[in-house]
Amino acid sequence: MRQRSRRRIMRATVELVDQRGYAGTTLTDIAERAGLARGLLSYYFDGKRLLMQSATHRMMHQALSRALDELESGAGPEDRLARAIDAVLSLAMEHPRVMRSHLALILDPDTGAFVQDPEQQRLGAILQGLLRDWGAPDPVAEHAVLRSALMGGCIGVLLPGAELPLAPIRADLFRRYDLPWQLGRPPQPLPPERDRPPARG
């Protein structure tokens, strides 16, 4: 029952922030959407900011798990890592308000720091496992680098007034891990011009 209530609260948070933004969503709104008493939110989550982080981490964890489950059972480590990168970057396109709110909160020193809650730990464990299978000598350290690169990629896509196309951001990440462009779910048939192999002949 406790886990079910937490999941309902986090799902309601993502839905409402998607629609109204973080500032336009109150804890009372979330409780009503989740069909729970307002006091339960305070019991399960220590404030709106921490709830927002947990809800976003859960969304990312679910998206990543779904993307990997869609692969064939014999998919190799490169296929799996490529699909994982695309799954996280795609969230910036599919849930821009949620991702902007999440990034703004963790980057603002006045509102606190990055929270390693259970949802984030599940997400991190999956990514570390993918990096281990890919061949990273230190999956924990490499996960910190990948996490920062993915956050930076999402910022590039979401930066108001200076948004970058997804393709070059993805190309930079794929180049770091020596992943062919056609793996995962490419945003366009060919990589950006500078990332294409030279034509033969």
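Enquirer: Quick question: what am I supposed to make of the environment of Leu36 here?
Expert: Assignment of secondary structure puts Leu36 in the loop between helix H2 (27-34) and helix H3 (38-44). When the C-alpha positions of Leu36 and Thr25 are compared, they lie 16 Å apart, and in sequence the two are eleven residues distant. If we ignore the near neighbours within four places in the chain, the residues touching Leu36 are Ser5, Arg8, Ile9 and Ala31.

Enquirer: I'm lost on the packing of aromatic side chains in this one. Help?
Expert: By convention here, two paired aromatic rings are described through the distance between centres and the angle between planes. The tally for this structure, following the rule as stated, stands at two aromatic pairs. Between Trp134 and Tyr177, the aromatic rings sit 5.1 Å apart at their centres with planes inclined by 80 degrees, giving edge-to-face as the arrangement. Taken together, the residues span a long stretch of sequence, with Trp134 in helix H7 (residues 118-134) and Tyr177 in the segment after helix H9 (166-176) at a distance of 43 residues. Since its relative accessible area comes to 1%, Tyr177 is described here as buried.

Enquirer: How should the side chain of Glu142 be read in this particular structure?
Expert: By the element assignment, Glu142 lies in helix H8 (residues 139-158). Owing to a relative accessible area of 17%, Glu142 belongs among the buried residues under this scheme. Setting aside its immediate chain neighbours within four residues, Glu142 contacts Leu131, Ala136, Arg176 and Tyr177.

Enquirer: What should I look at first to understand H2 in this one?
Expert: In an α-helix, one turn spans 3.6 residues, which is why side chains three or four residues apart end up on the same side. Residues Leu27, Asp29, Ile30, Ala31 and Ala34 constitute the buried set of H2. In this structure, the buried side of H2 is in contact with helix H1 (2-20), H3 and helix H4 (48-69). Two residues or fewer after H2 comes Gly35, characterised by a positive phi angle close to 70 degrees.

Enquirer: Mind showing me how you'd approach the side chain of Asp117 here?
Expert: Positionally, Asp117 belongs in the loop between helix H6 (96-107) and H7. No salt bridge is formed by the buried Asp117, whose closest oppositely charged neighbour, Arg6, lies at an N-O distance of 6.7 Å. Residue contacts for Asp117: discarding those within four places in its chain leaves Gln53, Ser54 and His57.

Basis of the calculations
- Position numbers for residues start from 1 in each chain and track the written sequence from start to end.
- Two thresholds apply to this predicted model, a pLDDT of at least 70 for residue-level local features and 80 or more for giving and counting side-chain atom pairs, whereas whole-chain, interface and lining totals are computed over all residues.
- For side-chain calculations, the full set of non-hydrogen atoms in the structure is used, while hydrogens and water are omitted.
- A helix here means a DSSP run of H or I that spans at least four residues, while a strand means a run of E at least two residues long, and both kinds are numbered starting from the N terminus.
- Contact definition: two residues touch when any of their heavy atoms are within 4.5 Å.
- Side-chain rings of Phe, Tyr and Trp, where Trp is taken by its six-membered ring, are said to pair if the distance between their centres is within 6.5 Å; with planes under 30 degrees apart they count as stacked, over 60 as edge-to-face, and otherwise as tilted.
- Each residue is assigned to one of three classes by its accessible area relative to the maximum for its type, calculated with a 1.4 Å probe on protein chains only: buried under 20%, partly exposed between the two thresholds, exposed over 50%.
- Counting rule for charge: Lys and Arg are taken as positive, Asp and Glu as negative, and neither His nor the chain ends is counted.
- The term salt bridge refers to a pairing of a side-chain nitrogen on Lys or Arg with a carboxyl oxygen on Asp or Glu at a separation within 4 Å.

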